[in-house]
Amino acid sequence: PCTVGVDGLVTLEVVRALNPEEGEMVGWPELVDTVALVYREHPGATILTRNYSEAGSIELLGRPRGMPQPISGHNPYWYWGHPTGRSPVTIAVGFSRARLERMFGDVQHATTFHAPDGVHNLEDGASIWVCRDQRADWPVLWPTLRSI
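Just so you know, these numbers come straight off a predicted model, no measurement behind them.

About the criteria used
Residues numbered from 1 in each chain as written. Predicted model: local features only at pLDDT ≥ 70, side-chain atom pairs only at ≥ 80, totals over all residues. Heavy atoms only, no water. Helix = DSSP H or I, 4+ residues; strand = E, 2+ residues; numbered from the N terminus. Expected span 1.5 Å × (residues − 1). Buried < 20%, exposed > 50% of the residue type's maximum accessible area, 1.4 Å probe, protein only. Pairing = 2+ DSSP bridges. Contact = heavy atoms within 4.5 Å. Axes fitted to C-alpha atoms, helices over the stretch in contact; angles between N-to-C directions. Phe/Tyr/Trp six-rings, centres within 6.5 Å; stacked < 30°, edge-to-face > 60°. Lys NZ or Arg CZ within 6 Å of the ring centre and 35° of its normal. Core = buried A, V, L, I, M, F, W, Y, C linked by side-chain atoms within 4.5 Å. Polar contact = N/O pair within 3.5 Å; in protein donor to acceptor, adjacent residues only side chain to side chain.

Focus on helix H3 (residues 28-41)
Okay, so step 1: The end-to-end C-alpha separation of H3 is 20 Å, in line with the 20 Å expected for 14 residues at 1.5 Å each.
Okay, so step 2: Within the sequence span of H3, burial applies to Trp28, Leu31, Val32, Thr34, Val35, Ala36, Val38 and Tyr39.

Shown next, in the form of structure tokens:
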């Protein structure tokens, strides 16, 4: 249902009803801040995201925080490619441990992101991992990461 809050502001439910993608953008700054904290501990790491929303938030808001262009196998991000060779450290956002363990020999949980204000979108509850000992070069792994 579309409602207006007691303060006269339009609620998230109204926004989602009008444009579902807007609800997915709630928490982008906080997500990027969370990934940036992990990145500061691992400067130069590759940042791999499960979906384009995570990648888009880091691409848009991460540069001022000193973060690199993220990579993702989701939607058009897959076409934009991957690094060459193997990354010494990869920060992975939104993946399951099991999936990452097929690509990396060492997978450590860094933190879990929780969207602000109790919003439940695709990023809420996303695990952030620090991965090492990449099992294959990016060109070999890349086809397995493609998702639509």
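Next comes the rest of the account.
Quick look at the sheet that holds strand E3 (residues 90-93)
Okay, so step 1: Spatial strand order, E2-E1-E3-E5-E4: five strands in an open sheet with mixed pairing. Strands at the two margins of the open sheet, each flanked by one partner only, are strand E2 (71-72) and strand E4 (104-112).
Okay, so step 2: Of the strand pairs in this sheet, E3 and strand E5 (residues 127-134) are connected by four bridges, and their pairing is antiparallel. Bridging from a neighbouring strand, Ala92 pairs with Trp129 of E5.
Okay, so step 3: Strands in contact with H3 are strand E1 (46-49), E3, E4 and E5; relative to E3, the strand with the most contacts, it is inclined by about 155°.
Okay, so step 4: Helix H4 (residues 52-62) contacts E1, E2 and E3 of the sheet and is inclined by roughly 140° relative to E1.

Thoughts on the pairing of E5
Okay, so step 1: E5 sits mainly inside the fold: six of its eight residues count as buried.
Okay, so step 2: Looking at chain direction, E4 and E5 are connected through seven bridges and run antiparallel. Counted as the bridge partner of Val107 is Cys131 from E5.

A closer look at the packing of aromatic side chains
Okay, so step 1: According to the stated counting rule, one finds four aromatic pairs in the structure shown.
Okay, so step 2: Centroid distance Phe104 to Trp138: 6.4 Å. Interplanar angle 65°. Geometry classified as edge-to-face. Placement of the pair is Phe104 in strand E4 and Trp138 in helix H6 (residues 138-145), with a sequence separation of 34 residues. Residue Phe104 shares its accessibility class with Trp138, and that shared class is buried.
Okay, so step 3: Among the aromatic residues, ring-to-ring pairing joins Phe104, Trp138 and Trp142 into one connected group.
Okay, so step 4: Positioned above the aromatic ring of Trp78, the side-chain terminus of Arg146 is 4.4 Å from the ring centre.

Comments concerning the nonpolar core
Okay, so step 1: Ranked by internal contacts, the top residues of the largest apolar core, which has 17 residues, are Val35, Tyr39, Ile47, Ile58, Met67, Ile91 and Ile128.
Okay, so step 2: Contributions of two or more residues to this core are made by H3, E3 and E5.
Okay, so step 3: The leading source of residues in this core is H3, at six residues.
Okay, so step 4: Residue contacts for Met67: discarding those within four places in its chain leaves Val32, Val35, Ala36, Tyr39, Ile47, Ile58 and Gly62.
Okay, so step 5: Counting 16 residues, the second-largest nonpolar core is a separate cluster that includes Leu48, Met103, Phe104 and Val107.

Some words on the side chain of Thr46
Okay, so step 1: Mapping Thr46 onto the fold places it in strand E1.
Okay, so step 2: For Thr46, a relative accessible area of 13% puts it in the buried group.
Okay, so step 3: Within the structure, Thr46 has its side chain in polar contact with the side chain of Ser87 (distance 2.6 Å).

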